[in-house]
Amino acid sequence: MKSNYSGLWLLLLVALVVVVGMAFSEDLTIGSHTLKKAPVADVLLSDAHRVEVEKDMTENPDSSLFIKEDEPLEVDTLPKSILLFGDSMTFNLALRLAKYAAANGHKLHAVNWDSSNTKIWAESDTLDRYLREYNVDYVFISLGSNELYFKKPETRMPYVKTILSKIGTIPYVWIGPPNWQEDTGINDMLESVCAKGAFFRSAGMNFKRKADKIHPTRASSALWIDSIMRWMPKSRHPILANLPPDTLGKVKTNVIFLEALNR
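Below, the structure is looked at part by part.

About the criteria used
Residues numbered from 1 in each chain as written. Predicted model: local features only at pLDDT ≥ 70, side-chain atom pairs only at ≥ 80, totals over all residues. Heavy atoms only, no water. Buried < 20%, exposed > 50% of the residue type's maximum accessible area, 1.4 Å probe, protein only. Helix = DSSP H or I, 4+ residues; strand = E, 2+ residues; numbered from the N terminus. Pairing = 2+ DSSP bridges. Right-handed = clockwise from strand over helix to strand, strands pointing away. Contact = heavy atoms within 4.5 Å. Axes fitted to C-alpha atoms, helices over the stretch in contact; angles between N-to-C directions. Phe/Tyr/Trp six-rings, centres within 6.5 Å; stacked < 30°, edge-to-face > 60°. Expected span 1.5 Å × (residues − 1).

Turning our attention to the pairing of strand β4 (residues 107–114). For β4, a buried count of six out of eight residues is recorded, marking the element as mostly surrounded by other parts of the structure. Note: strand β3 (residues 81–86) against β4, six bridges, orientation parallel. Looking across to β4, one finds that Leu 83 is bridged to His 109. Crossover handedness for the path β3 to helix α3 (residues 90–104) to β4: right-handed. Note: β4 against strand β8 (residues 254–259), six bridges, orientation parallel. Of the residues in β8, the one forming a bridge with Asn 112 is Phe 257.

Taken in spatial order, the six strands of this open sheet run β7-β6-β5-β3-β4-β8, and their pairing is parallel. Each having just a single partner strand, β7 (199–200) and β8 make up the two edges of the open sheet. Helix α5 (residues 126–133) rests against β3, β4, β5 (138–142) and β8 of the sheet, and its axis sits at about 165° to β3.

This structure, assessed with the given rule, holds eight aromatic pairs. Measuring from ring centre to ring centre gives 4.6 Å for Phe 85 and Trp 121, while their planes differ by 45°; the resulting arrangement is tilted. With a gap of 36 residues between them, Phe 85 in strand β3 and Trp 121 in helix α4 (residues 118–123) connect regions that are remote in the sequence. Across the pair, exposure class does not vary: Phe 85 and Trp 121 are buried alike. Centre to centre, the rings of Phe 91 and Phe 257 are 5.3 Å apart; their planes meet at 55°, and the pair counts as tilted.

Over its 14 residues, helix α8 (residues 218–231) runs 20 Å from end to end, which matches the ideal 20 Å to within 8%, given 1.5 Å per residue. Of all 14 residues that make up α8, ten are buried, and the element is covered over most of its length. Along α8, the residues classified as buried are Ser 220, Ser 221, Ala 222, Trp 224, Ile 225, Asp 226, Ser 227, Ile 228, Met 229 and Trp 231. Residues of α8 that are buried sit in contact with α3, β5, β6 (172–175) and β7.

Pasting the structure below:
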């Protein structure tokens, strides 16, 4: 026996289709009257967007969706055990960084490995040793200058990733090479691998250089560090980086010198 309510159910279904259709359409104007669309679409779409955002946050915790560019990150005011390591650019950087460390309550150790590159640091246990020895909780990396000419800088990506895996969860800043000529993509590769806000691009800065026309002078390296410290509040992990006073005087620089034997 056919239900007496079938007609009623059909009318309700038609009405539902009309309401949902209007919800996803523009406002309807008939004569001088305008029918506003129902907020159903906004609710459904906002919920769908929320689900996608939550999914992105779960799968990509470093997603830029959750970094507000206009909000400065909170500065970590605790004293740090800092390790600066890298190629022959490192020593002059360390001279100025040591003053920042002294002025802000940090302790700096530096390892200058002449002619070194990402491959050498990745394939040795040197970094592992000094991270343990100095109980490091902040890292500055100065590598890339000796790979500026590489035709395929992407082939160095595995070494960069290995270095960063050694550092692990320790906050870091990778200082890009001070280009003396156009590179073949090493800066772009480094920035793509480093965490957002952890790469300082030095290419494009003006440097006074030594006779080799490659290494920045000591004074220019000091200004280089000053630029990095001014940028520090915008970095991924800001630490205290107040300008050292002129009255600070001479500061001991703890630098270890190594010499690379191969590439």
